[in-house]
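Next come the chains, spelled out residue by residue.
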Number of protein chains: 2
Amino acid sequence: MDREAFLLDNQLCFRLYTASRLLTQAYHPLLSAHGLTYPQYLVLLVLWEKDAQPVNDIARRLYLETNTVTPLLQRMEKEGILSRKRGREDARQMIVSLTKKGKQLQEQLSEVPHAVGCTVLCDSITPETVPGLNRMLDDMIAHLQTKPDAHEL
Amino acid sequence: MDREAFLLDNQLCFRLYTASRLLTQAYHPLLSAHGLTYPQYLVLLVLWEKDAQPVNDIARRLYLETNTVTPLLQRMEKEGILSRKRGREDARQMIVSLTKKGKQLQEQLSEVPHAVGCTVLCDSITPETVPGLNRMLDDMIAHLQTKPDAHEL
DNA sequence: GTTTTTTATATCGTTCACGATGCAAAGATA
DNA sequence: TATCTTTGCATCGTGAACGATATAAAAAAC
């Protein structure tokens, strides 16, 4: 058995997992001031780009399952950030639209992207290296998404 | 307001968040076959490197809070993977040790690192690019860890 | 040696994340 | 038209994550 392979320091996934959690924590004070969580912020990003989308489209855009997104949207509806209405053409669809409050949040959070951008900057994360890092992660995401099954043991 | 900054495609954090989730999903079939979750696998990686550690050390190694790790360890104890005993020197500490079953899991999971390693390989993730990616993520983690507070709005 | 503070862990409540399952509307097929 | 299948969303149960709080032991201060 290759004990090297089990070293935590050799685990790419652990780094991604940790970096993701810590960066989400960096968002926390900025978002919680407005009663938002990070996944809720992601939903807002999707809806700010294009309002009035069915649950399915939002979930696909975030690579999440609808059973994750539905309760999230229900909480946001209770907060008055968005509204959910059955589609007129297709009554199975639940069309999610921003309320006035949801739209106003974009202005109130206008400093967030820049603030977080500054927070991550360090020796190897710079405006020059981010595009390359983005490309690698996009490649990885596309690859993992098409292969939901890992290799069999 | 800079609408560009709000585009989902410009969000590094979203990529990390997604890549982390999808890669964890890739581990799922390999681990669930042995009744493990990914965070539980991380605990095992820590204990396989060094057995009999207090909760605090395990949590710090994983950059997690103890109130996340404690219930995780309790579930693993119930599964018979590890045991938890009060420290003799310091009775506040809870020393976590692998059981025979916990040690045997390392052999049973010996193919996991290689299998997952193969799964992530793609155009921009190769044996050559991984060290560089690791370095960037390590840098980012170290940086975020020392700065728990994001910039004020 | 008693009080105070710190440290190590645990408990509680809320919010994801997701597999499994349920249900009703839409579409396909007979 | 009646039946079958698919699709879109919801519900349920389990396991993280984490802020807030609690508790007991150890260490420090008095």
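**Notes on the sheet that holds strand 2 (residues 82-86) of chain A**
Residues and elements named next belong to chain A. Sheet architecture is open: 3 strands sit in the order 1-3-2, paired in antiparallel fashion. Where the open sheet ends on each side, the last strands, each with one partner, are strand 1 (53-54) and strand 2. Bridge count between strand 2 and strand 3 (residues 94-98): 5 bridges; the pairing is antiparallel. Along strand 3, the bridge assignment pairs Arg84 with Val96.

**Some points on the packing of aromatic side chains**
As enumerated under the stated definition, the model contains 16 aromatic pairs over all chains in all. Aromatic pair Tyr17(A) and Tyr38(B): ring centres 5.8 Å apart, planes at 80°, arrangement edge-to-face. Note that Tyr17(A) is positioned in helix 1 (residues 12-32) and Tyr38(B) in helix 2 (residues 38-49), a pairing that runs across two chains. Each of the two residues, Tyr17(A) as well as Tyr38(B), counts as buried. Taken together, Phe6(A), Phe14(A), Tyr17(A), Tyr27(B), Tyr38(B), Tyr41(B), Trp48(B) and Tyr63(B) form an aromatic cluster joined through their ring pairs. A cation over a ring is seen here: Arg21(A) above Tyr17(A), with NZ or CZ 5.1 Å from the ring centre.

**Concerning the protein's contact with DNA strand D**
If you check the shell around DNA strand D, you find 26 residues, and the closest are Tyr17(A), Gln25(A), Thr70(A), Arg84(A) and Thr37(B). Restricting attention to atoms of DNA strand D within 4 Å of the protein, one finds that 75% of them are sugar or phosphate atoms. A distance of 2.4 Å separates a phosphate oxygen of DNA strand D from a polar atom in the side chain of Thr70(A). With respect to DNA strand D, the side chain of Arg92(B) contributes an N or O atom lying 3.5 Å from a sugar or linking oxygen. Of all the elements in the fold, those that place two or more residues in the surface near DNA strand D are helix 1, helix 3 (55-61) and helix 4 (66-78) of chain A together with helix 2 and helix 4 (66-78) of chain B.

**A look at the packing of helix 7 (residues 130-146) of chain A against helix 1 (residues 12-32) of chain B**
At their nearest, the axes of helix 7 of chain A and helix 1 of chain B sit 9 Å apart, and the two run at 35° to each other. Note on packing geometry: the crossing formed by helix 7 of chain A with helix 1 of chain B is left-handed. Taking contact as the criterion, the partners of Leu133(A), Asn134(A), Leu137(A), Asp138(A), Met140(A), Ile141(A), Leu144(A) and Gln145(A) in helix 7 of chain A are, on helix 1 of chain B, Leu12(B), Arg15(B), Leu16(B), Thr18(B), Ala19(B), Leu22(B), Leu23(B) and Ala26(B). Looking at the contact of helix 7 of chain A with helix 1 of chain B, its residues break down into 11 nonpolar, 3 polar and 2 charged.

**Here we look at the environment of Arg92(B)**
All names here are of chain B. Relative to the helices and strands, Arg92 resides in the loop between strand 2 (82-86) and strand 3 (94-98). Sequence separation between Arg92 and Pro54 is 38 residues, and the spatial gap between their C-alpha atoms is 9.6 Å. Side chain to side chain, Arg92 and Asp90 meet in a polar contact 2.9 Å long.

**Brief notes about the packing of helix 2 of chain B against helix 4 of chain B**
Residues and elements named next belong to chain B. The interhelical angle for the contact between helix 2 and helix 4, taken along N-to-C directions, is 85°, at an axis separation of 11 Å. For the element pair helix 2 / helix 4, the angle class is roughly perpendicular. Here helix 2 contributes Pro39, Gln40, Val43 and Leu44 to the contact with helix 4, which in turn contributes Leu72, Leu73, Arg75 and Met76. Across the contact of helix 2 with helix 4, the residue classes break down as 6 nonpolar, 1 polar and 1 charged.

**Digging into the relation of the copies chain A and chain B**
Once chain A is rotated about the relating axis by 180° and shifted along it by 0.0 Å, it coincides with chain B to within an RMSD of 0.0 Å. Put plainly, the chains are arranged around a two-fold axis. Considering only C-alpha atoms, the part of chain A nearest the rotation axis is Leu16(A), at 3.1 Å. A symmetric contact is evident, with 100% of the interface residues of chain A recurring at the interface of chain B.

**Regarding the confidence of the model for chain A**
In this model, chain A carries a mean pLDDT of 93, and residues with pLDDT of at least 70 account for 95%. Contacts for the low-pLDDT stretch residues 148-153 of chain A, under 50 throughout, to residues beyond four places or in other chains number 13 contacts.

**Things to note about unusual backbone geometry**
The phi dihedral of Ala52(A) falls on the positive side, at around 60°, and the residue is not glycine. On the basis of relative accessible area, Ala52(A) is assigned to the partly exposed category, the value being 37%. With a phi close to 60°, Tyr63(B) is a non-glycine residue in the positive phi region. Tracing the chain through its elements places Tyr63(B) in the loop between helix 3 (55-61) and helix 4. Looking at Tyr63(B), the relative accessible area reads 30%, which means it is partly exposed.

The rules behind each value
Residues numbered from 1 in each chain as written. Chains lettered and ligands numbered in written order. Predicted model: local features only at pLDDT ≥ 70, side-chain atom pairs only at ≥ 80, totals over all residues. Heavy atoms only, no water. Pairing = 2+ DSSP bridges. Helix = DSSP H or I, 4+ residues; strand = E, 2+ residues; numbered from the N terminus. Phe/Tyr/Trp six-rings, centres within 6.5 Å; stacked < 30°, edge-to-face > 60°. Buried < 20%, exposed > 50% of the residue type's maximum accessible area, 1.4 Å probe, protein only. Lys NZ or Arg CZ within 6 Å of the ring centre and 35° of its normal. Near = heavy atom within 4 Å. Polar contact = N/O pair within 3.5 Å; in protein donor to acceptor, adjacent residues only side chain to side chain. Axes fitted to C-alpha atoms, helices over the stretch in contact; angles between N-to-C directions. Left-handed = near helix turned anticlockwise from the far one by under 90°. Contact = heavy atoms within 4.5 Å. Nonpolar A, V, L, I, M, F, W, Y, C, P; charged D, E, K, R; others polar. Parallel < 35°, antiparallel > 145°, perpendicular 65-115°, else oblique. Least-squares fit on C-alpha atoms with pLDDT ≥ 70 in both. pLDDT = per-residue confidence, 0-100.

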